[in-house]
Amino acid sequence: MLHIEFITDLGAKVTVDVESADKLLDVQRQYGRLGWTTGEIPAGGYQFPFDNEPDFDWALIGARKWTSPDGEELILHRGHAYRRRELEAVDSRKMKLPAAVKYSRGAKNTDPDHVREKADGEFEYVTLAIFRGGKRQERYAIPGSRPAPAPTSRPQPQARPAPAAVADDDTPF
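Conventions used here
Residues numbered from 1 in each chain as written. Predicted model: local features only at pLDDT ≥ 70, side-chain atom pairs only at ≥ 80, totals over all residues. Heavy atoms only, no water. Helix = DSSP H or I, 4+ residues; strand = E, 2+ residues; numbered from the N terminus. Buried < 20%, exposed > 50% of the residue type's maximum accessible area, 1.4 Å probe, protein only. Areas by Shrake-Rupley, 256 points an atom, 1.4 Å probe, with all protein chains shown as cover. Pairing = 2+ DSSP bridges. Contact = heavy atoms within 4.5 Å.

### Here we look at the overall build of the protein
Next, step 1: Across its full length, the protein carries 1 helix and 11 strands.
Next, step 2: Secondary structure elements of the protein, listed N to C terminal, follow the sequence β-β-α-β-β-β-β-β-β-β-β-β.
Next, step 3: Across the 173 residues of the protein, 35% fall into the buried class.
Next, step 4: Per element, the accessible surface of the protein, about 11200 Å² overall, is 52% carbon and sulfur.

Structure below.
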C-alpha cells in the first residue's frame, strides 16, 4: 500500500492510501480536480516533455485551465494565474536549448526565494511548468485524448476541450 499526502485547497494536509503504483496517477487526477496538490512547485517549475503540452492533464498537479473575460487562456494553481509563453530555441556557443512552452507569472514578495527567477531588469517570475524536449509520455495526457501531431517548428494552438461538468458536491477552485 502506498500513501500520498495532499494539501487541500484550504491548506489542510490529507493522507490518501493508494493500492498500487499503477493507480497513483489516477488518485492524483481525482484529488487534483479538487485543487488539491501534492507539494510545492519545484525550483524552475515542473518539467514535462514538449509534446505533452497540448493535452497535458493539469489535474495531475492540482491545476486547471481557465479562460479570462478577455479570452486569454490561463492555468490556475493554488490561487495564482499562469500565462502560456512560447520560448524559441537557443543555439549559441554557451547554450543549446530546444524550443519550449512555459507557464509562468510575475513573482510576489511572498514567494519563496527558491522559486523566483530573474528576468531582464528587476523583474522576477515564478514558473509553474515548462514543456521542453523529451519524449511524449501518455501518462501525462488527459485520459482519452489523442496524441497531438508532432509540431513542425512552433507549438500550434489547440482547440479547447469542452468544460467538464461539475457535480454539486465537487469543490470548485
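Having seen the structure, we can now continue with the description.
### Comments concerning the pairing of strand β9 (residues 100-106)
Next, step 1: Summarising burial for β9: 6 of the 7 residues are buried, a large majority.
Next, step 2: Of the pairings in the sheet, the one linking strand β6 (residues 80-87) to β9 comprises 5 bridges and is antiparallel in character. Bridge pairing in β9 links Arg84 to Tyr103.
Next, step 3: Where β9 meets strand β11 (residues 124-132), 7 bridges bridge the pair, whose relative direction is antiparallel. Residue pairing for β11: Arg105 is matched across the bridge by Val126.

### Quick look at the environment of Val27
Next, step 1: Here Val27 shows up in helix α1 (residues 24-32).
Next, step 2: What makes Val27 buried here is its relative accessible area of 12%.
Next, step 3: It is 9.1 Å that separates the C-alpha atoms of Val27 and Asp17, two residues lying 10 residues apart in sequence.
Next, step 4: With residues near it in sequence (within four places) discarded, Val27 still touches Ile4, Phe6, Val16 and Val18.

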